[in-house]
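The residues making up each chain are set out below.
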Amino acid sequence: MAAQDFEKSPAVGPSKPRLFKVLGPGLITGASDDDPSGIATYSQAGALFGFGLLWTMVVAYPLMAAVQEISARIGRTTGKGLAANIIPNYPPVVVFGLVGLLFMANIINIGANLGAMGDAVALLAGGPRLIYVIAFGVLCTLMEVFMKYTRYVAVLKWLTLALFSYIATLFAIDIPWTGVISGLLVPKLSTDGNYWQTVVAILGTTISPYLFFWQASQEVEDIHEIPKREPLLTSPRQAPSAQHRIRIDTLVGMAFSNIVAISIIVTVGATLHPAGITDIESSAQAASALKPIGGAFAFGLFALGIIGTGMLSIPVLAGSAAYAFGEALKWKVGLSLKPTEGKAFYGMIALATLVGIAINFSGLNPIKALYYSAVINGVVAVPIIAIMMLMAGNKKVMGQFTVHGWLSYLGWATAAVMALASVAMLVGML
């Protein structure tokens, strides 16, 4: 299909590259997946096992792309977010139980990401990290609440460029590419308990429930903001163009996410792992450890990437929690609302970010918090994906646009993999 047939993005004018016009919710969702918490997970994988876990990113790609495309299709087809679609079909206890767990996991991630950003600035410029934590939290909240939606989406798109710092880091260090290719293509399984716990952590990082809610809700936002765009249930003629756009947007966004994750694992696997530095507890610690081995340039790129990805991920984490809660409680929701129109919705965004800031003052161990957040994400992902798949295949919800064939198979396979990952996580805890 020709590029001009794609639905136009509200955030990009006609002078921008055509592909950039097509990319939107999928690109932002994929990029936000590489948040500072994810960077810490990928850094730990590289530090512990070198290139030995690169194959997990190859396996994860089709699964994460499938489940994100399905969530986007639900939003684009029905004109409603995930929680709004779940409410009529499932008991309230199910809806609010899942939304409550999602909120808990999200605020822990927000707190950890703000802490990592504060650490990164302190490493680069010195000064009190907690002041930076407060400043970043306030800035992200003000942008979400007061910036016009179309301009805000454009800002999020440009923030995805921060992730190129991790790709650029590869050119600042020596990489044994033969080992990298082997790690990508040849799984080297192990009986080491840490090995499988790290595999589970990677899956929990790449396939997180908040990403499902965010991408579906952004498709709904774009229906409201883009002239002539309507839900596919009421305007089926838009389906071929919309579904093609969603697929390209999602495939590119998830590929970008995984390329960045691979770059982080390779960077740390080529520097810290050979040096015997295997205990990485945060993204900022990874950046600090990289400086004497990879040099000041590699250290600077790595640290700047933490700040940029944090600025991208915190609005997604807070926003997805607000969408889920707001839809469950039947509030007006949407970043396109004026502050006076969406007081409860924006209040939930502010509350999520405020609690995230407070976590950094609580003395709570951020690594333990992230671990429990990963457990919650792993547990919640399974029923949410299962419910998504049931809705996606239900004609009462999706009309003639039910999801079937290979996309459906991959969606159910993702639920199965995440179920196994959840069991492995719980067994590891016991």
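Since we're looking at a predicted model, the values are computed, not measured.

## Notes on the overall build of the protein
Next, step 1: In terms of helices and strands, the protein carries 19 helices and 0 strands.
Next, step 2: Split into buried and exposed, the 430 residues of the protein put 60% on the buried side.
Next, step 3: Pairs at least 24 apart in sequence give 83% of the contacts found in the protein among residues at least 6 apart.
Next, step 4: Of the roughly 16,700 Å² that the protein leaves accessible, carbon and sulfur atoms contribute 68%.

## A few points about the side chain of T56
Next, step 1: Mapped onto the secondary structure, T56 falls in helix α4 (residues 55-78).
Next, step 2: Setting aside residues no more than four positions away along its own chain, T56 makes contact with V199 and I202.

## What to know about unusual backbone geometry
Next, step 1: For K228, which is not glycine, the phi torsion reads 75° and is therefore positive.
Next, step 2: Within the secondary structure layout, K228 lies in the loop between α12 (209-225) and α13 (239-271).
Next, step 3: When its relative accessible area of 76% is taken as the criterion, K228 is described as exposed.
Next, step 4: The backbone phi angle of K330 is positive, close to 60°, even though this residue is not glycine.
Next, step 5: Overall, the relative accessible area of 68% leaves K330 in the exposed class.

## Side note on the pattern of salt bridges
Pairs can form between side chains of opposite charge once their charged atoms are near each other.
Next, step 1: Across all of its chains, the model carries 5 salt bridges by this definition.
Next, step 2: Between R247 and E69 there is a salt bridge, with the nearest N and O atoms lying 2.8 Å from each other. Highlighted residues: R247 in helix α13 and E69 in helix α4, separated in sequence by 178 residues.
Next, step 3: Owing to a relative accessible area of 25%, R247 belongs among the partly exposed residues under this scheme.
Next, step 4: Linking R229 and D222 is a salt bridge whose minimum nitrogen-to-oxygen distance equals 4.0 Å. For the residue pair R229 and D222, the accessibility class agrees, reading buried in each case.

## What about the nonpolar core?
Next, step 1: By size, the foremost hydrophobic cluster in this structure holds 125 residues, and its most contacted members are F302 and I385.
Next, step 2: Here the element with the most residues in this core is helix α15 (residues 296-328); it accounts for 18 residues.
Next, step 3: Those residues within four positions of I385 in sequence are excluded, and the remaining contacts are V67, I207, F212, G411, T414, A415 and M418.

## What about the packing of aromatic side chains?
In this description, a pair of aromatic rings is defined by centroid distance and the angle of the planes.
Next, step 1: Summed over the entire model, instances satisfying the criterion amount to 7 aromatic pairs.
Next, step 2: When the centroid spacing of 5.2 Å and the interplanar angle of 40° are considered together, the rings of F164 and F256 count as tilted. Placement of F164 in helix α9 (residues 164-169) and of F256 in helix α13 is noted, with a sequence separation of 92 residues between them.
Next, step 3: Here the aromatic rings of W214 and Y323 are separated by 6.1 Å at their centres, their planes lie at 70°, and the arrangement is edge-to-face. Note that W214 is positioned in helix α12 and Y323 in helix α15, a separation of 109 residues in sequence. The residues W214 and Y323 share a single accessibility class, namely buried.
Next, step 4: Joined through ring pairs, the aromatic side chains of W214, Y323, F345 and Y346 make up one cluster.

## Some words on the environment of L139
Next, step 1: With respect to the helices and strands, the residue L139 is situated in helix α7 (residues 129-146).
Next, step 2: What makes L139 partly exposed here is its relative accessible area of 38%.
Next, step 3: For the pair L139 and M311, spaced 172 residues apart in sequence, the C-alpha separation works out to 8.9 Å.

## Section: the packing of helix α3 (residues 36-49) against α13
Next, step 1: Two elements in contact, α3 and α13, have axes whose closest approach is 7 Å; the angle formed by their N-to-C orientations is 40°. By the angle between their axes, α3 is oblique relative to α13. In the packing of α3 onto α13, the handedness of the crossing is right-handed. Contacts between α3 and α13 pair I39, Y42, S43, G46 and A47 from the former with A261, I264, I265, V268 and G269 from the latter.
Next, step 2: Class assignment for the residues of the contact of α3 with α13 results in 7 nonpolar, 3 polar and no charged.

Conventions adopted
Residues numbered from 1 in each chain as written. Predicted model: local features only at pLDDT ≥ 70, side-chain atom pairs only at ≥ 80, totals over all residues. Heavy atoms only, no water. Helix = DSSP H or I, 4+ residues; strand = E, 2+ residues; numbered from the N terminus. Buried < 20%, exposed > 50% of the residue type's maximum accessible area, 1.4 Å probe, protein only. Contact = heavy atoms within 4.5 Å. Areas by Shrake-Rupley, 256 points an atom, 1.4 Å probe, with all protein chains shown as cover. Salt bridge = Lys/Arg side-chain N within 4 Å of Asp/Glu carboxyl O. Core = buried A, V, L, I, M, F, W, Y, C linked by side-chain atoms within 4.5 Å. Phe/Tyr/Trp six-rings, centres within 6.5 Å; stacked < 30°, edge-to-face > 60°. Axes fitted to C-alpha atoms, helices over the stretch in contact; angles between N-to-C directions. Parallel < 35°, antiparallel > 145°, perpendicular 65-115°, else oblique. Left-handed = near helix turned anticlockwise from the far one by under 90°. Nonpolar A, V, L, I, M, F, W, Y, C, P; charged D, E, K, R; others polar.

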